[in-house]
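Listed below, chain by chain, are the residues.
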Amino acid sequence: MKKGLFKKIVTAITVGALTLSITACGKNTKGVSADGSDGALAKVKKSGKLVVGTSADFPPYEFHKEVNGKDEIVGFDIEIAKEIAKDLGVKLEIKDMSFDGLLGALSTGNVDMVIAGMTPDAERSKSVDFSKIYYEAEQTMLIRAEDKDKYTGVEALTGKKIGAQKGSIQEGIAKEQIKDSQVKGLGKITNLVLELKNKKVDGVVMETVVAKSYAAANKDLAVVNFKFQENSEEKGAAVAVKKGSKDFAEQINKTLDRLMNEKAIEKLVIDANNQVDIKE
Ligand code: ARG
């Protein structure tokens, strides 16, 4: 009886020690540690800098604004990134690129993290890891204000020229939910908005908050009164990190939890909307 107990204790200690050594330095063939980290978080901490990729054409998430005569990237995603950097105790650097280049930049290590109102769908999850969702979104369409009475439902858009950001879920919505649509995909939403104003496209599929923001800033633009169907898998925005950086995603979730518990995100959205410049 006593001997059996002794044996059990010895086994427990040995197993414990083994598990410890695996989590401490074990790497599998892909170079991913047993704790799910590939060193992306360690790299950020060591360099003292968090390099964030975004596509700053997405107000109120992220957009360009002239502050004291200087061009700056502002928005609620940027404020969230600042909080993540603060919790990590590192500096923040923002890189603006086209939306369809963001995940590649993450894989090559050009950026450490992507925050761009990005929806965590199954396809993207194959190549990156996502944090939890920090903001829910709905899908609608930006049109010319003069067409407001024309486009009362999705059917009215049949066969129309529709703009959507290249590589975004809106591109899929435009193709799948609008019958016979001729979809034009561009890297930057700012260019799609110009195409809309110049009548090269008749509408741009956009998230409701973003469409409202563009409509508020441009008197000649408006938002339709209907929404596109939601795919439950393609909802909301999350932060992306390099595949295999589970520890990094968990660290980011801690900051997001804090902000969500403080109900800070809604406030940041309002602040960001107030920063959008109105064009006459
Ligand atoms: N939520 C959409 C997606 O993930 C659009 C995001 C576009 N973001 C941007 N910063 N332009 O596909």
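Structure first, text after, so check above.
The structure displayed is predicted, hence computed values, not measured ones. (Residues numbered from 1 in each chain as written. Predicted model: local features only at pLDDT ≥ 70, side-chain atom pairs only at ≥ 80, totals over all residues. Heavy atoms only, no water.)

### Concerning the pattern of salt bridges
Under the convention used in this document: In what follows, salt bridge is the name for a side-chain nitrogen of Lys or Arg lying within 4 Å of a carboxyl oxygen of Asp or Glu. Here a strand is any run of E in DSSP of at least two residues, a helix any run of H or I of at least four, and the numbering for each starts at the N terminus. Three labels apply to residues, based on accessible area from a 1.4 Å probe with only protein chains included: buried if under 20% of the type maximum, exposed if over 50%, partly exposed otherwise in between.
Per the stated rule, a full pass over the model turns up 20 salt bridges. Arginine 258 is the partner of aspartate 87 in a salt bridge, and the nearest nitrogen-oxygen pair spans 3.2 Å. Of this pair, aspartate 87 sits in helix α3 (residues 76-88) while arginine 258 sits in helix α9 (residues 246-261), and the two are 171 residues apart along the sequence. Judged by its relative accessible area of 25%, arginine 258 is partly exposed.

### Describing empty space enclosed by the protein
Note the following rule: For each structure, a 1 Å grid was placed over the protein atoms alone; sets of points admitting a 1.4 Å probe that cannot get out are labelled cavities, open sets with protein on both sides within 12 Å along at least five of seven lines are labelled pockets, and lining residues have an atom within 4 Å of a point. Grid points are joined across faces, edges and corners, and a volume is the space filled by probe spheres set on the points. Amino acids outside the nonpolar list (Ala, Val, Leu, Ile, Met, Phe, Trp, Tyr, Cys, Pro) and the charged list (Asp, Glu, Lys, Arg) are all regarded as polar, and Gly is one of them.
Applying the stated rule across the entire model yields 2 cavities of 30 Å³ or more. Counted as a void, the largest cavity has a volume near 90 Å³. In terms of lining residues, the largest cavity is bounded by 14 residues, among which Phe58, Phe99, Gly117, Ser168 and Gln170 are the most central. If you list the elements that add at least two residues to the lining of the largest cavity, you get β2 (57-58) and α6 (169-177). Looking at the lining of the largest cavity residue by residue, the classes come out as 5 nonpolar, 6 polar and 3 charged. One number sums up the size of the second largest cavity: a volume of about 40 Å³. Lining the second largest cavity are Phe58, Gln165, Ser168, Gln170, Ile189, Leu192, Val204, Val205 and Met206. It is strand β11 (residues 203-207) that contributes the most residues to the lining of the second largest cavity, 3 residues altogether.

### As for the site of the ligand
Which entries qualify depends on this criterion: Note on definitions. A residue lies near a molecule or strand when any single heavy atom of the residue is within 4 Å of it. Counted as a polar contact is a pair of N or O atoms within 3.5 Å, where, for protein atoms, one must be capable of donating a hydrogen and the other of accepting one, and residues adjacent in sequence contribute only when both atoms are in side chains. The method behind every accessible area is Shrake-Rupley, applied with a 1.4 Å probe, and residues are considered shielded solely by the protein chains displayed. A molecule is counted as occupying a cavity or pocket when more than half of its atoms fall within 2 Å of that pocket's grid points.
As a matter of local geometry, the ligand sits amid 15 residues, with Ala116, Arg124, Gln165, Ile169 and Glu207 nearest to it. Between the ligand and isoleucine 169 there is a distance of 2.8 Å, counted from an oxygen atom to a backbone nitrogen or oxygen. Measuring from a nitrogen atom of the ligand, one finds a side-chain N or O atom of glutamate 207 at 2.7 Å. The protein chains hide 100% of the 350 Å² of surface that the ligand would expose on its own. Under a 2 Å grid-point criterion requiring more than half of the atoms, the pocket assigned to the ligand is the largest cavity. Elements with a contribution of two residues or more to the shell around the ligand: β2 and α6.

### Some points on the packing of aromatic side chains
Using the following cut-off: Ring pairs are drawn from Phe, Tyr and Trp, using the six-membered ring of Trp, whenever the two centres fall within 6.5 Å, and their geometry is named by plane angle: stacked under 30 degrees, edge-to-face over 60, tilted for the rest.
For the coordinates displayed, the defined rule picks out 5 aromatic pairs. Their ring planes at 35° and their centres at 4.6 Å tell us that tyrosine 61 and phenylalanine 76 sit as a pair that is tilted. Taken together, the residues span a long stretch of sequence, with tyrosine 61 in the loop between β2 and β3 (62-67) and phenylalanine 76 in helix α3 at a distance of 15 residues. Comparing tyrosine 61 with phenylalanine 76, the two get one shared label, buried. Centre to centre, the rings of phenylalanine 76 and tyrosine 135 are 5.1 Å apart; their planes meet at 55°, and the pair counts as tilted. Here tyrosine 135 lies in strand β7 (residues 128-135) and phenylalanine 76 lies in helix α3, a separation of 59 residues in the sequence. The residues phenylalanine 76 and tyrosine 135 share a single accessibility class, namely buried. In this structure an aromatic cluster arises from ring pairing among Phe58, Tyr61, Phe76 and Tyr135.

### Describing unusual backbone geometry
Between proline 59 and proline 60 the backbone carries a cis peptide bond, its omega angle lying at 5°. Phi is positive for asparagine 68, close to 50°, though the residue is something other than glycine. Checked against the element boundaries, asparagine 68 lands in the loop between β3 and β4 (70-74). The class of asparagine 68 is exposed, set by a relative accessible area of 79%.

### Some points on α9
Here is the rule: How far a helix is expected to stretch is found by multiplying one less than its residue total by 1.5 Å.
In this model α9 runs 22 Å from its N-terminal to its C-terminal C-alpha over 16 residues, within 8% of the 22 Å that 1.5 Å per residue would give. Listing the buried residues of α9 in full gives Phe248, Ala249, Gln251, Ile252, Asn253, Thr255, Leu256 and Leu259. The first or second residue beyond α9 is lysine 263, which carries a positive phi of 55°.

### Focus: the side chain of glutamine 139
Put simply, the rule is: Contacts between residues were defined by any pair of non-hydrogen atoms, one from each residue, lying within 4.5 Å.
Considering the arrangement of structural elements, one finds glutamine 139 in strand β8 (residues 139-144). Residue classification places glutamine 139 among the buried residues on the basis of a relative accessible area of 3%. Within polar-contact distance, the side chain of glutamine 139 engages the side chain of glutamine 170 at 2.7 Å. Aside from chain neighbours lying at most four places away, what touches glutamine 139 is Ile169, Gln170, Ile173, Met206, Glu207, Thr208, Lys227, Phe228 and Glu230.

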